Amino acid sequence: MKFEKNTTFNLPVLVTRGLVLFPNQTENIYCERSFSVSAVSISKETYESYILVISQKNSEMDQVKNIDEIYKVGVLCHIEQINPIKRGFRIKVTCLERVMISNFLYLNDTIYCDANLFEDVEGDLTEEQTLVKNLFKTLESLDATLVFENGSKEVLSKFSSGMSAKNISYLLSSSIQAYPEEKQELLEAKNINERLLKLIVLCDKLVKNVQLEKKIQDEKVFNSFECSSCNLCSRFM
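Please read these numbers as outputs of a predicted model, since none were measured by experiment. (Residues numbered from 1 in each chain as written. Predicted model: local features only at pLDDT ≥ 70, side-chain atom pairs only at ≥ 80, totals over all residues. Heavy atoms only, no water.)

Trainee: Explain the packing of aromatic side chains to me, please; I cannot follow it from the model alone.
Mentor: This structure, assessed with the given rule, holds three aromatic pairs. Note on Phe-3 and Tyr-50: the rings are 5.0 Å apart at their centroids and 70° apart in plane angle, and the pair reads as edge-to-face. Of the two residues, Phe-3 is situated in the segment before strand E1 (9-16) and Tyr-50 in strand E3 (residues 50-55); the sequence distance between them amounts to 47 residues. Classification of Tyr-50 as buried rests on a relative accessible area of 17%. When the centroid spacing of 6.5 Å and the interplanar angle of 45° are considered together, the rings of Phe-22 and Tyr-170 count as tilted. Separated by 148 residues along the polypeptide, Phe-22 in the loop between E1 and strand E2 (26-31) and Tyr-170 in helix H4 (residues 165-175) bring together distant segments of the chain. (Phe/Tyr/Trp six-rings, centres within 6.5 Å; stacked < 30°, edge-to-face > 60°. Helix = DSSP H or I, 4+ residues; strand = E, 2+ residues; numbered from the N terminus. Buried < 20%, exposed > 50% of the residue type's maximum accessible area, 1.4 Å probe, protein only.)

Below, the structure is given as structure tokens:
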């Protein structure tokens, strides 16, 4: 199958809960809901293993019946592996491009959507270079394990290997520790510089949260030490 700019295509949809994917990312996904299992099977049988992966807005809901219950921006993926599990599949996908979806159809326990490639818009080059430098300095100055979900050394290594600003923004967006809603905002940012700026803000937020938690823990230890000291002294009074 070919997916071209300004050309609408239709594919089955895999709806995720609490998981937002980005282009260039490879991810394992567990599929157990009936419409997810069906989407994977039909993707393999009819669509050369291509599938749309879209996150739902309310992760507590088991069923998805209309387009208002999922986000409009997701990713076009290719299913690389399908492994049967007790209630469905564990699949491995490679994320290819961002997409904007429309025309939701629920048919025979499968969700289908029309989609168009949602290409990134390049911003001011000077601003882009400044944002990338600031991001790199920010990450260098802190413990990367506090910012990234896993593989922090690998992320920093790739970051410094000379990849494009767009790919840097996707790499960091897929790796950063953030709520699904925050990751969805990163995915939906059309301008690359906008996404880079959001990443800087998220990094600063994570650092402040870690500092606050450390301060609270230090105060707990100090208060505990004070209480112990008072109890000890009272025995000799």
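Past the structure itself, the notes keep going.
Trainee: Mind showing me how you'd approach the side chain of Gln-25 here?
Mentor: Mapped onto the elements, Gln-25 comes out in the loop between E1 and E2. Polar side-chain contacts of Gln-25 include one of 3.1 Å to the side chain of Glu-27. Setting aside anything within four residues of it in sequence, one finds Gln-25 in contact with Val-20, Val-93, Thr-94, Cys-95 and Ser-174. (Polar contact = N/O pair within 3.5 Å; in protein donor to acceptor, adjacent residues only side chain to side chain. Contact = heavy atoms within 4.5 Å.)

Trainee: What am I meant to see in empty space enclosed by the protein here?
Mentor: With a probe scaled to a water molecule rolled over the atoms, the places where space remains empty come into view. Summed over all chains, the structure comprises one cavity of 30 Å³ or more. Here the largest cavity is characterised by a volume of approximately 40 Å³. What lines the largest cavity is simply Thr-16, Leu-19, Val-20, Leu-21, Val-53, Ile-54, Ser-55, Val-73, Gly-74, Val-75, Gln-184 and Leu-187. Looking at side-chain class alone, the lining of the largest cavity contains eight nonpolar, four polar and no charged residues. (1 Å grid on protein atoms, 1.4 Å probe; cavity = no way out; pocket = protein on both sides within 12 Å on 5 of 7 lines; lining within 4 Å. Points joined across faces, edges and corners; volume = space filled by probe spheres on them. Nonpolar A, V, L, I, M, F, W, Y, C, P; charged D, E, K, R; others polar.)

Trainee: Teacher, can you tell me more about the pairing of strand E5 (residues 88-107) here?
Mentor: Looking down a regular strand, the side chains alternate between one sheet face and the other. Pairing of E2 with E5 involves six bridges; the strand directions are antiparallel. Looking across to E5, one finds that Asn-28 is bridged to Lys-92. With 12 bridges joining them, strand E4 (residues 73-85) and E5 adopt antiparallel strand pairing. Each bridged residue has a counterpart across the sheet, and for Ile-82 the counterpart in E5 is Ile-91. Between E4 and E5, which follow one another and run antiparallel, lie two residues. Bridge analysis of E5 against strand E6 (residues 110-117) gives seven bridges, and the strand direction is antiparallel. Counterpart to Leu-105 in the pairing with E6 is Tyr-112. (Pairing = 2+ DSSP bridges.)

Function-wise, these values are silent; they only describe arrangement.
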